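# Coordinates in review
Here is what each chain is made of, one letter per residue.
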Amino acid sequence: MLSQLIRSVSSYFLYSSIMLYLIFVTIIWSFSFSFIGVYISGQVDTWFAVVMRVVLAFITFLPFLHFRNIKLKTLFLLMGVGACQLGVMYFFYYNSFQYISVPEVLLFTIFTPIYVTVIYDLLQRHPLRLSYLFTAIIAVIGAAIIRYDHISANFIIGFLLIQGANIVFALGQVGYKRIMEVYPMPQHQAFAWVYFGAVIVASFGWLLFGDASKLPTTNLQWGIIIWLGIVASGVCYFLWNFGATKVDSGTLAIMNNVVIPTGILVNVVIWHQSLDWLRFILGSVVIVLALLLHYKIKNRSLS
């Protein structure tokens, strides 16, 4: 009885510490969205910003890049994760702005939790867990309450581009989680290869679509790009994916939408944007309830 209690308490604190990783990254990314929107978007070529971001992230993890004790198949799988989560995703994401407005882009990103849940079960060849999907849908509803705005009539192309971004971002997270389950290895070494895959794809994007006349012109812009590369990408993508390997797919799915209220709050507090506080509070409560409900369902299934 005592040993069971100790295991339960230990499991709780381990789970809580991992959740802190995800919450920390969520806060950092909340600031990143605002920095990009205010200082980078429309002023600096997006492909250049992406290349610099993933190159700096790769350099941060370059000391951990090793060929020893890693199978070629695992190496290519890790590079594929980076290509999806940090490379192809940006291609869909940035091009969507040509077809839909910013509020619509934000609205259409809320489907990521559903993709995370479904893709993880497919990769495991596991029957779809309806309880996980149910709580993910609740999180989507909460995000929709916060972010819903008027949708233009001509939005199909933009919607499909954003769904492409959502799917490959979810595939990257879940794919990395699955790789670590099947081919466990030190994650700081694994993630050096993830960033290398992202560098390859982003470099091709820059060569094909980049505009060399729109490089950063101020120290502030360079400083933000360096911060995005080393901290928001280098450190935070590692912590996010590390946390993804320590929590279940349902929790990971819901946490993908927790960034919505935190990002909006940062935008309001620092840049004094207007906000419908009733919708914000209601939507945030729904997302938190989705996480609590999922945790309760998960504990019941384990007992």
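Our subject is the structure that appears above.
If you're wondering where the values come from, they're calculated on a predicted model, not measured in any experiment. (Residues numbered from 1 in each chain as written. Predicted model: local features only at pLDDT ≥ 70, side-chain atom pairs only at ≥ 80, totals over all residues. Heavy atoms only, no water.)

## Remarks on the environment of Ala139
- Mapped onto the elements, Ala139 comes out in helix H6 (residues 130-147).
- With a relative accessible area of 0%, Ala139 lands in the buried category.
- For the pair Ala139 and Ile114, spaced 25 residues apart in the sequence, the C-alpha separation amounts to 9.2 Å.
- Not counting residues up to four positions away in its chain, the partners in contact with Ala139 are Ile254, Asn257, Ile287 and Ala290. (Helix = DSSP H or I, 4+ residues; strand = E, 2+ residues; numbered from the N terminus. Buried < 20%, exposed > 50% of the residue type's maximum accessible area, 1.4 Å probe, protein only. Contact = heavy atoms within 4.5 Å.)

## A word on the packing of helix H2 (residues 46-61) against helix H9 (residues 219-244)
- Remark: H2 packs on H9, axes separated minimally by 8 Å, with the N-to-C direction vectors making an angle of 55°. One way to sum up the angle between H2 and H9 is to call them oblique. Along this stretch, H2 crosses H9, giving a crossing that reads as right-handed. Mapping the contact onto sequence places Phe48, Met52, Arg53, Leu56, Ala57, Thr60 and Phe61 in H2 and Trp222, Ile225, Ile226, Leu228, Gly229, Ile230, Ala232, Ser233, Gly234, Tyr237 and Phe238 in H9.
- Of the residues contributing to the contact of H2 with H9, the split by class is 13 nonpolar, 4 polar and 1 charged. (Axes fitted to C-alpha atoms, helices over the stretch in contact; angles between N-to-C directions. Parallel < 35°, antiparallel > 145°, perpendicular 65-115°, else oblique. Left-handed = near helix turned anticlockwise from the far one by under 90°. Nonpolar A, V, L, I, M, F, W, Y, C, P; charged D, E, K, R; others polar.)

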